[in-house]
Amino acid sequence: EDKVVQSPLSLVVHEGDTVTLNCSYEVTNFRSLLWYKQEKKAPTFLFMLTSSGIEKKSGRLSSILDKKELFSILNITATQTGDSAVYLCAVVVDNNNDMRFGAGTRLTVKP
Amino acid sequence: DAMVIQNPRYQVTQFGKPVTLSCSQTLNHNVMYWYQQKSSQAPKLLFHYYDKDFNNEADTPDNFQSRRPNTSFCFLDIRSPGLGDAAMYLCATSMGQGINEQFFGPGTRLTVL
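Here the structure is a predicted model, which means the values were calculated and not measured.

Draft legend 1. Fine view of the overall build of chain B. Broken down by element type, chain B carries zero helices and 11 strands. What you see in chain B, going N to C, is helices and strands ordered as β-β-β-β-β-β-β-β-β-β-β. On C-alpha atoms alone, chain B measures out to a radius of gyration of 13 Å, which is about the 13 Å that the 2.2 N^0.38 rule sets for 113 residues. Across its three principal axes, chain B shows a C-alpha extent of roughly 40 × 30 × 30 Å. A total of 113 residues make up chain B; the buried ones form 50% of that total. In chain B, the share of contacts with a sequence separation of at least 24, taken over all contacts with a separation of at least 6, comes to 56%. For chain B, the exposed surface amounts to about 5,400 Å²; the carbon and sulfur share of it is 50%. Counting 9 positive and 9 negative side-chain charges, chain B places the averaged centre of each group 8 Å from the other.

Right under this line is the structure:
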């Protein structure tokens, strides 16, 4: 059975802190790993990772994939209150674009 | 702008009364998905269409059905909603097979009375 495990499940930090969110997976026929941010509505796409060791960056957010150890991390530096959200990790499996989500990490950034 | 549209955004139905949720897309994507997301949980894939080919997840209840009359539209039919079916229903699309990201619609929040 495919598994996508995120940790921690929740995290409370103060503005300016740096956070690291973790996603590990055990799936058959891995295709790619995606990170989404979900506030009060539908998930919004952040990154897609397909190759190990290549860091993706967007502003204060960055992410990297390790296909040997089967995990990914999402880093957020200099956090802001607007970063408060649930961050979802999803793994695309097979050729049908089936996507398996982790349970998410709820990040709260306090002023 | 190209997008994924879901209607209605909020739907209230009665226990056992059939309901249909709608999704349309202007992205011309081959694949359309339906997810169920309950409070504080991750989205759970119900089924998806690759063009006209329907792919049901093994644990999707028979109560949930889907139709895709054309590339742009996909419907989720809940034949006899139960209280446990109250959730956010998310539609997503992607371009073909492989490693393409999925684009989500805003969701329909279903309440069952």
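Resuming the write-up.
Draft legend 2. The pattern of salt bridges, seen in detail. In this structure the tally under the stated criterion is five salt bridges over all chains. Between Arg100(A) and Asp2(A) there is a salt bridge, with the nearest N and O atoms lying 3.5 Å from each other. Of this pair, Arg100(A) sits in strand S10 (residues 98-101) while Asp2(A) sits in the segment before strand S1 (3-7), placing them 98 residues apart in sequence. Assessed through its relative accessible area of 21%, Arg100(A) is described here as partly exposed. The exposure class assigned to Asp2(A) is partly exposed, which follows from its relative accessible area of 22%. Arg100(A) is the salt-bridge partner of Glu57(B), the closest N and O atoms lying 3.3 Å from each other.

Draft legend 3. Molecular detail of the interface of chain B and chain A. Across the contact, 22 residues belong to chain B and 22 residues belong to chain A. Taken together, chain B and chain A are joined by one salt bridge. For the pair chain B and chain A, the interface holds three residue pairs in polar contact (both at pLDDT 80 or more). Mapped onto the side of chain B that touches chain A, the elements with two or more residues apiece are strand S4 (31-37), strand S5 (44-50) and strand S9 (87-94) of chain B.

Draft legend 4. Expanded view of the nonpolar core. Residues and elements named next belong to chain A. By size, the foremost hydrophobic cluster in this structure holds 23 residues, and its most contacted members are Tyr 25, Phe 30, Leu 33, Trp 35, Tyr 87, Val 91 and Leu 107. The set of elements that each furnish at least two residues to this core consists of strand S3 (19-26), strand S4 (30-38), strand S5 (44-49), strand S7 (61-66), strand S8 (71-76), strand S9 (85-93) and strand S11 (105-110). Of all the elements, S9 adds the most residues to this core, at five residues. Beyond its immediate stretch of four places on either side in the chain, Leu 107 contacts Leu 11, Val 13, Val 19, Ile 76, Asp 83, Ser 84, Ala 85 and Tyr 87.

Draft legend 5. Geometry of the state of the cysteines. All names here are of chain A. This structure, assessed with the given rule, holds two disulfides over all chains. Sulfur-sulfur distance for the disulfide between Cys 23 and Cys 89 comes to 1.9 Å. Measuring handedness by torsion sign, the sulfur bridge of Cys 23 and Cys 89 sits at about -65° and is left-handed. Of the two residues, Cys 23 is situated in strand S3 and Cys 89 in strand S9; the sequence distance between them amounts to 66 residues.

Draft legend 6. Representation of the packing of aromatic side chains. Within this structure, the stated rule accounts for 12 aromatic pairs over all chains. Relative to Phe101(A), the ring of Tyr36(A) lies with its centre 6.1 Å away and its plane at 45°, an arrangement referred to as tilted. On the criterion of sequence distance, the pair formed by Tyr36(A) in strand S4 and Phe101(A) in strand S10 is long-range, its members being 65 residues apart. Per residue, the accessibility class of Tyr36(A) equals that of Phe101(A), and both read buried. Ring plane angle 85° and centroid distance 5.5 Å describe the contact between Phe101(A) and Tyr35(B), whose orientation is recorded as edge-to-face. Of this pair, Phe101(A) sits in strand S10 while Tyr35(B) sits in strand S4, which puts the two residues in different chains. Judged by relative accessible area, which is 12%, Phe101(A) ranks as buried. Connected via pairs of aromatic rings, a cluster forms that spans Tyr36(A), Phe45(A), Phe101(A), Tyr33(B), Tyr35(B) and Phe104(B).

Cut-offs used in this document
- Residues numbered from 1 in each chain as written.
- Chains lettered and ligands numbered in written order.
- Predicted model: local features only at pLDDT ≥ 70, side-chain atom pairs only at ≥ 80, totals over all residues.
- Heavy atoms only, no water.
- Helix = DSSP H or I, 4+ residues; strand = E, 2+ residues; numbered from the N terminus.
- Rg over C-alpha atoms; globule rule 2.2 N^0.38 Å.
- Buried < 20%, exposed > 50% of the residue type's maximum accessible area, 1.4 Å probe, protein only.
- Contact = heavy atoms within 4.5 Å.
- Areas by Shrake-Rupley, 256 points an atom, 1.4 Å probe, with all protein chains shown as cover.
- Lys, Arg positive; Asp, Glu negative; His and termini not counted.
- Charge placed at Lys NZ, Arg CZ, Asp CG, Glu CD.
- Salt bridge = Lys/Arg side-chain N within 4 Å of Asp/Glu carboxyl O.
- Polar contact = N/O pair within 3.5 Å; in protein donor to acceptor, adjacent residues only side chain to side chain.
- Core = buried A, V, L, I, M, F, W, Y, C linked by side-chain atoms within 4.5 Å.
- Disulfide = S-S within 2.5 Å.
- Phe/Tyr/Trp six-rings, centres within 6.5 Å; stacked < 30°, edge-to-face > 60°.

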